[in-house]
Amino acid sequence: MGRCASIARQALHQGIKAKSIFHITPGSEQIRATIERDGIAGTLREFGGTVLANACGPCIGQWDRKDVKKGEKNTIVTSYNRNFTGRNDANPATHCFVTSPEIVMALTLAGRLDFDPRTDSLKAKD
């Protein structure tokens with residue numbers, strides 16, 4: 001979470017915020033309390049993220065998505081190991097890919113799946 005907050009702070013300093021839906025699901029109540037205490041949750045919210053409860057909803061198919069209709073093909077990228085079809089949102093047309101938290105941040109910053117942080121760049125607000 002600390003590395004994600006660092007990326008978010010750097011982006012915010014350049015006037016860049018999340019360009020896609022960005023949810024943060026703490027793995028436990030201790031982690032949720034720690035990221036709140038340390039300001040990480042606030043940074044991620046300022047960046048455009050939504051800090052969810054430390055619960056199993058997204059990983060057991062109870063994510064109540066409003067951005068995609070059930071049956072509509074779509075893709076999500078996550079850093080937790082729930083990557084089979086329909087696992088996160090109970091939508092059989094959702095394809096989920098697992099990657100590092102840093103790559104999730106990069107794709108969120110770019111707002112597109114074909115962004116390659118090794119070769120592509122982002123444009124600052126100014």
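Scoring rules and cut-offs
- Residues numbered from 1 in each chain as written.
- Predicted model: local features only at pLDDT ≥ 70, side-chain atom pairs only at ≥ 80, totals over all residues.
- Heavy atoms only, no water.
- Core = buried A, V, L, I, M, F, W, Y, C linked by side-chain atoms within 4.5 Å.
- Buried < 20%, exposed > 50% of the residue type's maximum accessible area, 1.4 Å probe, protein only.
- Helix = DSSP H or I, 4+ residues; strand = E, 2+ residues; numbered from the N terminus.
- Contact = heavy atoms within 4.5 Å.
- Disulfide = S-S within 2.5 Å.
- pLDDT = per-residue confidence, 0-100.
- Axes fitted to C-alpha atoms, helices over the stretch in contact; angles between N-to-C directions.
- Parallel < 35°, antiparallel > 145°, perpendicular 65-115°, else oblique.
- Left-handed = near helix turned anticlockwise from the far one by under 90°.

Asks: Which parts of the structure should I look at to understand the nonpolar core?
Replies: With 17 residues, the main nonpolar core has Phe22, Leu44, Phe47 and Met105 as its most contacted residues. Those elements that place two or more of their residues in this core are helix 1 (2–13), helix 3 (40–47) and helix 4 (101–110). Here the element with the most residues in this core is helix 1; it accounts for 5 residues. The contacts of Phe22, once residues within four sequence positions are left out, are Leu44, Phe47, Gly48, Gly49, Thr50, Val104, Met105 and Thr108.

Asks: Looking at this structure, how should I read the side chain of Thr43?
Replies: Relative to the elements of secondary structure, Thr43 occurs in helix 3. Assessed through its relative accessible area of 11%, Thr43 is described here as buried. Those residues in contact with Thr43 that lie beyond four places of it in its chain are Ala5, Ala8, Arg9 and Leu12.

Asks: For this particular structure, what's the right way to read the state of the cysteines?
Replies: What is meant by a disulfide is a covalent connection between two cysteines, made through their sulfur atoms. Here the structure, examined in full by the defined rule, presents 0 disulfides. Cysteine Cys4 shares no disulfide, and the gap to the nearest cysteine sulfur, in Cys96, comes to 15 Å.

Asks: Can you help me understand the confidence of the model for the protein in this one?
Replies: As a general rule, the predicted coordinates of low-pLDDT regions are not to be interpreted in detail. Looking at the protein, pLDDT values average 89 and 93% of them are 70 or higher. Strand 4 (residues 94–98) is the least confidently modelled element of the protein, averaging 87 in pLDDT, while helix 3 averages 98, the highest of any element.

Asks: How should the packing of helix 1 against helix 4 be read in this particular structure?
Replies: When two helices pack together, their arrangement is given by the angle between the helix axes and the distance between those axes. Where helix 1 meets helix 4, the closest approach of the two axes is 9 Å, and the angle between their N-to-C directions is 25°. Judged on the interaxial angle alone, helix 4 and helix 1 are roughly parallel. You can see that helix 1 and helix 4 cross each other, and the crossing is right-handed. Contacts between helix 1 and helix 4 involve Arg3, Cys4, Ile7, Ala8 and Ala11 from the first element and Pro101, Glu102, Met105 and Leu109 from the second.

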